[in-house]
Amino acid sequence: MKVAIIHRVDLGQEDNLDELSELCRTAGYEVVYRIKQVRPPHPEYNIGPGKVEELEKAVRELGIEKVVFENELKPVQEYNLAKKLGVPVITRTQLILEIFTLHASSIEAKLQIKLAELKYELSRAKEKVRLAKKGEQPGFHGLGAYEADVYYDEIHKRIVSINRKLEAIKKHMDLIRFERKKLGLPIISLAGYTNAGKSTLFNLLASEDVEVNSQLFTTLTPTTRIVRLNGKPAFLSDTVGFINNLPTLLVEAFYATLREIALSDLILLMIDISEPLHTVEKKLETSLDTLNSIGANGVPILLVFNKIDLASANDVEEKIRKLSLPYEYVVISAKNGWNIKSLEEKASQMLRGFIRIKATIPLDLMLMKTIKEIYSKSKVINIEYNDDCVKVDVETTVELAEKLRKLSGRGEFRVG
Ligand SMILES: Nc1nc2c(ncn2[C@@H]2O[C@H](COP(=O)(O)OP(=O)(O)OP(=O)(O)O)[C@@H](O)[C@H]2O)c(=O)[nH]1
Ligand SMILES: [Mg+2]
């Protein structure tokens, strides 16, 4: 489907048409016309009436079937534009909702998108009801003032019902998190701008097969696996990508999936370093802001500069120097598996909660079950089986270390 994209900006404001165009591509549209206009918003159309004429001509001549605005439009502006142009007019929020709908696979993600849609509709329903009452928006769902009120109430009821379902899912997810927490293993989240390569790295580290795609927002449902980083076991979660100007409604909707990040012990923040410096800067800023807004400040961050296969070593080095960030970092290519070893080393060094212990445990107390637990929760440096005892040298969780201390009884037990 052919579309036109439009961004009205204030004086001195940068336009966002490149990203909007990328979002359109992800939604399956072909962008054949783009307009940037610098002016204050026009009450009737947002853009100026002259631009509307120009757009109307383009729609007719190029066979454009939909018009996508970067700006939020008032219902009356949307209505005026659609009437004038003869094709549907949508905004960035609706476009992102369309993309999310295409990619959502879990029940939770689907419900959250439905909820965001309804909230969006609700915020506009008020205005539509007002217009219907004033008789200014004839033909709005063919409703009169009374039906418009009913319509508003109906949306409200559906929101309440979806919220209830989501609450039940949240309880279930909390239970799963609690069970994970009980295992005592650290939790690592892969976070970052959409398309940075999170799922590619996740697949590599977890030997998994989650979808990797050059489109935006491929991952909408977080996936978690146990991985080993340099021998240390941990939970690793792949999460939904960040984006600049994510409509507030969607931030709320996806807060639930992003909550994982705030609860983790380490964040691997991925950045595509092959892009121009100003893009890297902007995306990094959005990512850090998003982490802040979901309450993840305080969680240690390891910056993972990805896609170094697409840039020269000098270029990568210079960009990182210019960014001069107060975080630990590594440079990798997730696609080619370059430098994954040093990523594992850095990440495992930053994982808190593991301690090195040496213990000698009497053989009659050393059960197979304990040996299994040691292997699943520790980096084993050495285990030595003797006639009457087992000597273990491991980096392990605090809980397991305590258990081994008790088991060692009068045998040897040393930390460090
Ligand atoms: N050249 C190159 N491409 C990469 C590298 N890592 C990932 N990609 C590509 O980048 C695109 C996005 O990768 P994904 O792993 O889906 O990115 P993501 O961060 O999970 O994206 P979302 O789920 O949409 O947030 C895919 O086409 C990958 O093949 C890399 O190191 N080098
Ligand atoms: Mg992904």
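Rules used in this analysis
- Residues numbered from 1 in each chain as written.
- Chains lettered and ligands numbered in written order.
- Predicted model: local features only at pLDDT ≥ 70, side-chain atom pairs only at ≥ 80, totals over all residues.
- Heavy atoms only, no water.
- Core = buried A, V, L, I, M, F, W, Y, C linked by side-chain atoms within 4.5 Å.
- Buried < 20%, exposed > 50% of the residue type's maximum accessible area, 1.4 Å probe, protein only.
- Axes fitted to C-alpha atoms, helices over the stretch in contact; angles between N-to-C directions.
- Helix = DSSP H or I, 4+ residues; strand = E, 2+ residues; numbered from the N terminus.
- Parallel < 35°, antiparallel > 145°, perpendicular 65-115°, else oblique.
- Left-handed = near helix turned anticlockwise from the far one by under 90°.
- Contact = heavy atoms within 4.5 Å.
- Nonpolar A, V, L, I, M, F, W, Y, C, P; charged D, E, K, R; others polar.
- Pairing = 2+ DSSP bridges.
- Right-handed = clockwise from strand over helix to strand, strands pointing away.
- Domains from an automatic or database assignment.
- Arc of directions from axis to C-beta.

Caption draft 1: Here's a closer look at the nonpolar core. Among the nonpolar cores identified, the biggest contains 26 residues, and Leu201, Leu268 and Ile332 are the most heavily contacted of them. If you look at the next biggest cluster of nonpolar residues, it comprises 24 residues, including Ile271, Leu284, Ala311 and Ile320.

Caption draft 2: Spotlight on the packing of helix H9 (residues 277-293) against helix H10 (residues 313-323). Put simply, H9 and H10 touch, their axes get as near as 11 Å, and they point 50° apart. Classified by the angle their axes make, H9 and H10 are oblique. The crossing of H9 and H10 is right-handed. Two secondary-structure elements touch here, H9 through Leu277, Val280, Glu281 and Leu284 and H10 through Lys319, Lys322 and Leu323. Classifying every residue of the contact of H9 with H10 gives four nonpolar, no polar and three charged.

Caption draft 3: Quick peek at the pairing of strand S9 (residues 301-306). Within S9, six of the six residues are buried, which leaves the element mostly enclosed by the surrounding structure. Neither face of S9 is open: one carries Ile301, Leu303 and Phe305, the other Leu302, Val304 and Asn306, and all of them are buried. In the sheet, strand S8 (residues 266-272) pairs with S9 via six bridges, with the strands oriented parallel. Bridge assignment links Met270 to a residue of S9, and that residue is Val304. Note on the crossover from S8 through H9 to S9: the handedness is right-handed.

Caption draft 4: Seen up close, the domain arrangement of the protein. We note that the domain assignment places domain 1 (2-100), domain 2 (104-167), domain 3 (185-350) and domain 4 (354-415) within the protein. Each of domain 2 and domain 3 has a C-alpha centre, and the two are 35 Å apart.

Caption draft 5: Here's a closer look at H10. Within H10, burial applies to Val316, Lys319, Ile320 and Leu323. Mapping the buried residues of H10 onto a view down its axis gives an arc of 95°, with all of them on the same face. Exposed residues lying more than 90 degrees from the buried face of H10 are Asn314, Glu317 and Arg321. Among the structural elements, H9, S9 and strand S10 (328-331) are those in contact with the buried residues of H10. In the stretch just after H10, Ser324 is the one whose phi turns positive, near 30°.

Caption draft 6: Structural context of the sheet that holds strand S12 (residues 378-385). Read from one edge to the other, the open sheet built from four strands follows the order S12-S13-S11-S14, with strand pairing classed as antiparallel. Each edge of the sheet is formed by a strand with only one pairing partner; in this case those strands are S12 and strand S14 (413-415). Direction aside, neighbouring strands of the sheet carry axes that sit 10° apart on average. Where strand S11 (residues 354-362) lies against S14, three bridges are found, and the strand directions are antiparallel. If you follow Ile357 over to S14, its bridge partner there is Val415. Most of the contacts of helix H12 (residues 368-377) go to S12, to which it runs at about 145°, and overall it touches S11, S12 and strand S13 (389-397).

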